[in-house]
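Each chain, letter by letter, is given below.
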Amino acid sequence: MGQILAEGEVELDEDNLRQRRGRSRKGRPVGRYLMVVSKREDATHIAILEGRTLIEYYVSRPTDNVFQIHGNIYLGRVQNVLPGMEAAFVDIGTPKNAVIYRGDVQYDKDDFDGGKVQPKIEQMLKARQPILCQVTKNPIAHKGARLTTEVSLPGRFVVLVPNSDTYGISKRLPDEERRRLRQILDTAKPKGHGLIVRTAAENVTGPEIERDIAGLMQQWTEIEKLAKASKAPTLLYQEPDMSTRVIREEFNKEYRGVVLDDRALYEEVADYVSTITPALADRVEFYDEDDENLPLFERFHVHEQLHKALDRKVWLPSGGSLIIESTEALTVIDVNTGKNVGSSNLEDTVYRNNLEAAEGIAQQLRLRDIGGIIVIDFVDMESKKNRDEVMRVFRAALSRDKTRTQVFDISDLGLAEMTRKRIGEGLLESLSVTCPHCDGRGIEIVENALDH
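Below is a short write-up of the structure. (Residues numbered from 1 in each chain as written. Predicted model: local features only at pLDDT ≥ 70, side-chain atom pairs only at ≥ 80, totals over all residues. Heavy atoms only, no water.)

Considering a negative patch on the surface
- On the surface, a cluster of negative charge is made up of Asp241, Glu267, Glu268 and Asp271.
- Relative to the helices and strands, glutamate 268 is located in helix 7 (residues 263–276). (Patch = residues over 30% accessible without salt bridge, like charges linked within 9 Å, V, L, I, M, F, W, Y side chains within 5 Å. Areas by Shrake-Rupley, 256 points an atom, 1.4 Å probe, with all protein chains shown as cover. Salt bridge = Lys/Arg side-chain N within 4 Å of Asp/Glu carboxyl O. Lys, Arg positive; Asp, Glu negative; His and termini not counted. Charge placed at Lys NZ, Arg CZ, Asp CG, Glu CD. Helix = DSSP H or I, 4+ residues; strand = E, 2+ residues; numbered from the N terminus.)

The following block contains the structure:
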């Protein structure tokens, strides 16, 4: 501690000063995560590291405006309504029509009879009808984008839900902080619109939250004005590029920094962070490869980890392995003991191998951004207690993933089934092209093999 100078005043030593300022002994901000952004001619690559471990990876290309449209708001035109599918196809100006399901259509209860029962899709939507809608899922393969009419505009600290009574605060925040934020919202919430407070709002002052809300309200006013003056189909609001979006969604005090190797992008990001979160502005850094004599991703060992993330086989610390196979319908993960021979008995060896696999699978799902249905074949365990503990560890590991997941217990066949929300293409798809010879099947029929 420091020497007491006066009542309530302390002269802090150097280590205490660094701790107060959130910095390490070497002068870098303290934080679990680091964002590394490398811009090339064809794409911008964004890596997120926890310590030295790569946990998330994003690729943003100039052509992504056609396919990476999650969050965009359109004035669409209903093409046709399918009562049997409880859905409708909507033209939003993209190569493939988007789809909206009955449950994603908002409606005024006063316009329909039937009380609490939601009207049928054909009662809510008609062909050629213009609708204001937002993309909730990117188009994937032969499937078009998925839509909702409940629009939301994400800001740094809050999400504005126009024309809604939605009201919520992130459950990740402690109770005391939730109470403080609720008091702020009681006066800041705009009339007739809903708000959701994000985790990033922790310890943020009332004026900062009010500025965030005011900015979102201005955005919504412009969108409404454009919608009234436009003919469907029209893009009304486009999400910012990937680097800005990831920083808006992710960057907080848990990050020790954002490092970028492009001067123009660095200045853009630095200005953005200075505006929305001035306290974190000094954590945005420019990396000059000419001065460092080493590419940015090599400096932080991203490339070597990325190559492993694209492999079909993943090794576990004790010698076990995961085999990850993806199809259009689902992803299958096979857990093997491999080189793990254990040290006591078979059940204990299998149990400990499965515990490592549970952590490893959660990490790989997040890094590879695997979505949809996932089936995991853990090595068979006799003890129900062990099976329950493996699933507990697995769920705990998945809780660190911001993407929504649903996990079921190990079945009688020894399989664990789960779903992970699919928003866009995964890591493998973003960094590869389909083989023109086998069309992605991985096999070719031997010439004349079917001749008799």
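Comments concerning helix 7
- Over its 14 residues, helix 7 extends 20 Å from the first C-alpha to the last, a length consistent with the 20 Å expected when each residue adds 1.5 Å.
- Within helix 7 the residues assigned to the buried category are Leu265, Tyr266, Val269, Ala270, Val273 and Ile276. Seen along its axis, helix 7 keeps its buried residues to an arc of 145°; they face one direction. Set apart from the buried face of helix 7 by more than 90 degrees, the exposed residues are Ala264, Asp271 and Thr275.
- Buried residues in helix 7 make contact with strand 3 (33–39), strand 4 (44–50), helix 6 (242–250), strand 16 (255–260) and strand 17 (284–286).
- For helix 7, the N-terminal cap is aspartate 262; the gap from its side-chain oxygen to the backbone nitrogen of alanine 264 is 3.3 Å. (Expected span 1.5 Å × (residues − 1). Buried < 20%, exposed > 50% of the residue type's maximum accessible area, 1.4 Å probe, protein only. Arc of directions from axis to C-beta. Contact = heavy atoms within 4.5 Å. Polar contact = N/O pair within 3.5 Å; in protein donor to acceptor, adjacent residues only side chain to side chain.)

Some remarks on the pattern of salt bridges
- Applying the stated criterion across every chain yields a total of 20 salt bridges.
- With a closest N to O distance of 2.5 Å, arginine 32 and glutamate 50 form a salt bridge. Highlighted residues: arginine 32 in the loop between helix 1 (14–20) and strand 3 and glutamate 50 in strand 4, separated in sequence by 18 residues.
- Through salt bridges with shared partners, a single ionic network connects Glu56, Glu250, Arg366 and Lys402.

Focus on the nonpolar core
- Counting residues in hydrophobic clusters, the biggest one holds 29 residues, and the most contacted among them are Ile361, Ile376, Phe378 and Phe394.
- Where this core is concerned, the elements lending two or more residues are strand 19 (321–326), strand 20 (330–336), helix 11 (346–368), strand 21 (372–377), helix 12 (384–398) and strand 23 (415–420).
- A per-element tally of this core places helix 11 first, with seven residues.
- For isoleucine 376, the residues in contact, after removing those within four places along its chain, are Ile333, Val335, Ile361, Phe394, Gly414, Leu415, Ala416 and Met418.
- Within the second largest apolar cluster, 26 residues are counted, among which are Leu185, Leu216, Ile223 and Ala227. (Core = buried A, V, L, I, M, F, W, Y, C linked by side-chain atoms within 4.5 Å.)

Here's the deal with helix 5 (residues 206–229)
- Helix length check: helix 5 (24 residues) gives 35 Å between terminal C-alpha atoms against 34 Å at 1.5 Å per residue, within 8%.
- Within helix 5, burial applies to Gly206, Ile209, Asp212, Ile213, Leu216, Trp220, Ile223 and Ala227.

Side note on the packing of helix 4 (residues 175–188) against helix 5
- Viewed as axis vectors pointing N to C, helix 4 and helix 5 meet at an angle of 45°, and their least axial separation amounts to 10 Å. The pairing of helix 4 with helix 5 is recorded here as oblique in orientation. Remark: the crossing between helix 4 and helix 5 carries right-handed chirality. Residues Leu181, Ile184 and Ala188 of helix 4 form the contact with helix 5, whose own contacting residues are Gly206, Ile209, Glu210 and Ile213.
- Here the contact of helix 4 with helix 5 is composed, by residue class, of five nonpolar, one polar and one charged. (Axes fitted to C-alpha atoms, helices over the stretch in contact; angles between N-to-C directions. Parallel < 35°, antiparallel > 145°, perpendicular 65-115°, else oblique. Left-handed = near helix turned anticlockwise from the far one by under 90°. Nonpolar A, V, L, I, M, F, W, Y, C, P; charged D, E, K, R; others polar.)

A short note on the environment of aspartate 262
- Note that aspartate 262 resides in the loop between strand 16 and helix 7.
- Remark: the alpha-carbon pair of aspartate 262 and aspartate 288, spanning 26 residues in sequence, is separated by 8.1 Å.
- If we ignore the near neighbours within four places in the chain, the residues touching aspartate 262 are Lys39 and Phe286.
- A distance of 2.8 Å separates a polar side-chain atom of aspartate 262 from the backbone nitrogen of leucine 265.

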